[in-house]
Amino acid sequence: MAERGLILVNTGEGKGKTTAALGLALRAVGDGLRVLILQFIKSGGGYGELKGIARLGESIEIRPMGNGFVYHRQEQSAEAMAAHKKAAAEAWAMLEREVQSDVWDIIIMDEINYAMKFGLVSEEKVLSMLKAKPERLHVVLTGRDAPESIIAIADTVTEMRMVKHAYQKGIKAMKGIEF
Ligand code: ATP
Ligand code: MG
């Protein structure tokens, strides 16, 4: 069978969805593949992966496209939600452009499952984008609560299950481990 691009999903409540995608990116770059990471929700600065990826050379890029943390919808002010929506719309436009550019071997859509859950990105649009993507392109979608429709068309789906998390003992998020 001819090689074709895969759709991978990292979801679930446990830690490791984004870092597994970054691990895959590291492996792929080592083999000369071109990798783009678009971060929905995350707004850049502070994340170790930005500096780490900058050291990996020209064949990999990471772009934080979000507007910071999205809290549960009820707790968001209308202005905050509008800012998230605007950032998500811009991220979406860039994603569609880059998918169709056929420049990349792998595109990682970090936290896009969250973006769908919060209504920042439409599930139908993501489905059509996946169906219309260049044949050879691999895509990775991360984030909790991946929609059933996406799971259904994906090739490889991994659900991280939380057995324990340091956070439960009151240990705060640590540089290099959590961000
Ligand atoms: P990571 O980026 O470490 O791979 P993740 O992508 O699986 O984590 P997210 O849902 O994106 O997890 O959560 C973002 C942040 O919350 C990360 O700093 C992550 O380490 C932390 N985190 C992940 N799972 C849990 C959990 N079960 N309880 C508390 N914090 C968590
Ligand atoms: Mg994540």
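Report on the accompanying structure. (Residues numbered from 1 in each chain as written. Chains lettered and ligands numbered in written order. Predicted model: local features only at pLDDT ≥ 70, side-chain atom pairs only at ≥ 80, totals over all residues. Heavy atoms only, no water.)

1. So, the overall build of the chain
Consideration 1: Across its full length, the chain carries six helices and six strands.
Consideration 2: Of the regular secondary structure in the chain, the N- to C-terminal order runs β-α-β-α-β-α-β-α-α-β-α-β.
Consideration 3: Its C-alpha radius of gyration of 16 Å places the chain within 12% of the 16 Å reference for a compact globule of 179 residues.
Consideration 4: Within the chain, contacts between residues at least 6 apart in sequence are counted, and of these 78% link residues at least 24 apart.
Consideration 5: Of the roughly 10100 Å² that the chain leaves accessible, carbon and sulfur atoms contribute 54%.
Consideration 6: Charge-centre separation for the chain: the mean point of 24 positive side chains lies 6 Å from the mean point of 23 negative side chains. (Helix = DSSP H or I, 4+ residues; strand = E, 2+ residues; numbered from the N terminus. Rg over C-alpha atoms; globule rule 2.2 N^0.38 Å. Contact = heavy atoms within 4.5 Å. Areas by Shrake-Rupley, 256 points an atom, 1.4 Å probe, with all protein chains shown as cover. Lys, Arg positive; Asp, Glu negative; His and termini not counted. Charge placed at Lys NZ, Arg CZ, Asp CG, Glu CD.)

2. Concerning the environment of R136
Consideration 1: As for its position among the elements, R136 is in the loop between helix 5 (123–132) and strand 5 (138–142).
Consideration 2: Note: C-alpha distance between R136 and R4 (132 residues apart in sequence) is 4.8 Å.
Consideration 3: Among residues more than four places away in sequence, those in contact with R136 are G5, D102, V103, W104 and D105.
Consideration 4: In terms of polar contacts, R136 uses its side chain to reach the side chain of D105, at 2.6 Å. (Polar contact = N/O pair within 3.5 Å; in protein donor to acceptor, adjacent residues only side chain to side chain.)

3. Quick look at helix 1 (residues 17–30)
Consideration 1: In a regular helix each residue adds 1.5 Å, so 14 residues correspond to 20 Å; helix 1 covers 21 Å between its end C-alpha atoms and thus fits that length.
Consideration 2: The positive-phi residue at the C-terminal boundary of helix 1 is G32, with phi of around 85 degrees. (Expected span 1.5 Å × (residues − 1).)

4. Things to note about the site of ligand 1
Consideration 1: Around ligand 1 sit 14 residues in total, of which K15, K17, T19, E111 and E178 are the nearest.
Consideration 2: At 3.4 Å from an oxygen atom of ligand 1 is found a main-chain nitrogen or oxygen belonging to G14.
Consideration 3: E178 places a side-chain nitrogen or oxygen 2.4 Å from an oxygen atom of ligand 1.
Consideration 4: Notes on ligand 1: free accessible area 570 Å², of which the protein chains cover 82%.
Consideration 5: Among the cavities detected, the one that contains ligand 1 is the largest pocket.
Consideration 6: Class assignment for the residues of the shell around ligand 1 results in three nonpolar, five polar and six charged. (Near = heavy atom within 4 Å. 1 Å grid on protein atoms, 1.4 Å probe; cavity = no way out; pocket = protein on both sides within 12 Å on 5 of 7 lines; lining within 4 Å. Sits in = over half its atoms within 2 Å of the grid points. Nonpolar A, V, L, I, M, F, W, Y, C, P; charged D, E, K, R; others polar.)

5. Let's talk about the coordination of the magnesium ion (ligand 2)
Consideration 1: Around the magnesium ion (ligand 2), the protein supplies T18 (OG1) and E111 (OE) as donor atoms, at distances of 2.0 to 2.1 Å. Linking T18 in helix 1 with E111 in the loop between strand 4 (106–110) and helix 4 (112–117), this pair joins segments that are 93 residues apart in sequence. Each member of the pair, T18 together with E111, is buried. (Donors = N, O, S within 2.8 Å, 3.2 Å for Na, K, Ca; no water. Buried < 20%, exposed > 50% of the residue type's maximum accessible area, 1.4 Å probe, protein only.)

6. What to know about unusual backbone geometry
Consideration 1: The phi torsion at I41 lies on the positive side, around 70 degrees, for a residue other than glycine.
Consideration 2: For I41, the position within the fold is in the loop between strand 2 (35–39) and helix 2 (48–54).
Consideration 3: According to the relative accessible area criterion, I41 is buried, its value standing at 12%.
Consideration 4: A positive phi angle is found at E111, which is not glycine, with a value near 65 degrees.

7. Some thoughts on the packing of helix 3 (residues 78–101) against helix 5
How two helices pack is summed up by the angle between their axes together with the distance between the axes.
Consideration 1: For the pair helix 3 and helix 5, the least separation of the axes is 10 Å and the interaxial angle reads 10 degrees. In terms of their interaxial angle, helix 3 and helix 5 are classed as roughly parallel. Here helix 3 and helix 5 pass one another in a crossing that is left-handed. Judged by residue contacts, W92, L95, V99 and Q100 of helix 3 engage K125, V126, M129 and A132 from helix 5.
Consideration 2: For the contact of helix 3 with helix 5, the per-class residue count stands at six nonpolar, one polar and one charged. (Axes fitted to C-alpha atoms, helices over the stretch in contact; angles between N-to-C directions. Parallel < 35°, antiparallel > 145°, perpendicular 65-115°, else oblique. Left-handed = near helix turned anticlockwise from the far one by under 90°.)

8. Comments concerning the layout of surface pockets
Consideration 1: Considering only enclosed or pocket space, the largest pocket measures out at about 1200 Å³ in volume.
Consideration 2: Residue lining of the largest pocket: 37 residues in total, with F69, E111, Y114, R144 and E178 positioned closest to the centre.
Consideration 3: When contributions to the lining of the largest pocket are tallied by element, the ones reaching two or more residues are helix 1, helix 2 and helix 4.
Consideration 4: Examining the composition of the lining of the largest pocket, we find that four residues originate from one element, helix 1, more than from any other.
Consideration 5: Grouping the amino acids of the lining of the largest pocket by side-chain chemistry returns 14 nonpolar, 11 polar and 12 charged. (Points joined across faces, edges and corners; volume = space filled by probe spheres on them.)

Scope: geometric values only; no functional claims are made or implied.
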